[in-house]
Amino acid sequence: MELITETTVIAGVAIMTAGWIVNTWMRMKHGYPLENSWGKAVYPKNDQAVERVKLLSQENAALQAELGSLKDRLANVERIVTDSGYQLTHEIESLRSTRKDAN
């Protein structure tokens, strides 16, 4: 009876260890963070990841610059549209078109 219990315990430990190894391998393969002994995330470092972060940082900077440019353009458009001279011109043009339609 003791032999079956010892064999069962050893087989259970072996299965759990194999599962842990497969789990760790899959996490590394798909880029998920690993955990250290304190449970904090540890990201594996490789050249490809560093290059990817650099490219994403450059793209982020370019997009932020474009967003700033679009904000400036939108502010100019808002200023033009809310300008009283623009409204007056728009009203005059609508009156002209109404007069042309009447003739």
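This is a predicted model, so every value here is computed, not measured.

### A short note on the overall build of the chain
Okay, so step 1: Along its length, the chain carries three helices and two strands.
Okay, so step 2: In the chain, the succession of α and β elements from N to C terminus is α-β-β-α-α.
Okay, so step 3: Relative to its full complement of 103 residues, the chain shows a buried share of 1%.
Okay, so step 4: For the chain, the exposed surface amounts to about 9900 Å²; the carbon and sulfur share of it is 61%.

### Here we look at the pattern of salt bridges
Okay, so step 1: Tallied over the entire structure, the rule returns one salt bridge.
Okay, so step 2: For R96, the salt bridge goes to E93, with nearest N and O atoms at 3.1 Å. Of the two residues, R96 and E93 both sit in helix α3 (residues 84-102), three residues apart, roughly one turn of that helix.

### Description of a nonpolar patch on the surface
Okay, so step 1: Taken together, L74, V77, I80, V81 and Y86 make up a surface patch of nonpolar side chains, about 450 Å² in accessible area.
Okay, so step 2: Residue class for V77 comes out partly exposed when judged on its relative accessible area of 47%.

### Quick look at the UniProt feature "coiled-coil region" (unreviewed entry) in the chain
Okay, so step 1: When the UniProt feature table is mapped onto this chain numbering, "coiled-coil region" (unreviewed entry) sits at residues 46-80.
Okay, so step 2: With 97% helix and 0% strand, residues 46-80 has its two end C-alpha atoms placed 52 Å apart.

### Things to note about the confidence of the model for the chain
Okay, so step 1: Here the chain shows a mean pLDDT of 83. Residues at 70 or above account for 88%.
Okay, so step 2: Taken element by element, the predicted model of the chain shows its lowest mean pLDDT in strand β2 (residues 41-42) (70) and its highest in helix α2 (residues 47-82) (89).

The rules behind each value
- Residues numbered from 1 in each chain as written.
- Predicted model: local features only at pLDDT ≥ 70, side-chain atom pairs only at ≥ 80, totals over all residues.
- Heavy atoms only, no water.
- Helix = DSSP H or I, 4+ residues; strand = E, 2+ residues; numbered from the N terminus.
- Buried < 20%, exposed > 50% of the residue type's maximum accessible area, 1.4 Å probe, protein only.
- Areas by Shrake-Rupley, 256 points an atom, 1.4 Å probe, with all protein chains shown as cover.
- Salt bridge = Lys/Arg side-chain N within 4 Å of Asp/Glu carboxyl O.
- Patch = residues over 30% accessible without salt bridge, like charges linked within 9 Å, V, L, I, M, F, W, Y side chains within 5 Å.
- UniProt positions renumbered as here; feature names shortened; annotations may be inferred.
- pLDDT = per-residue confidence, 0-100.

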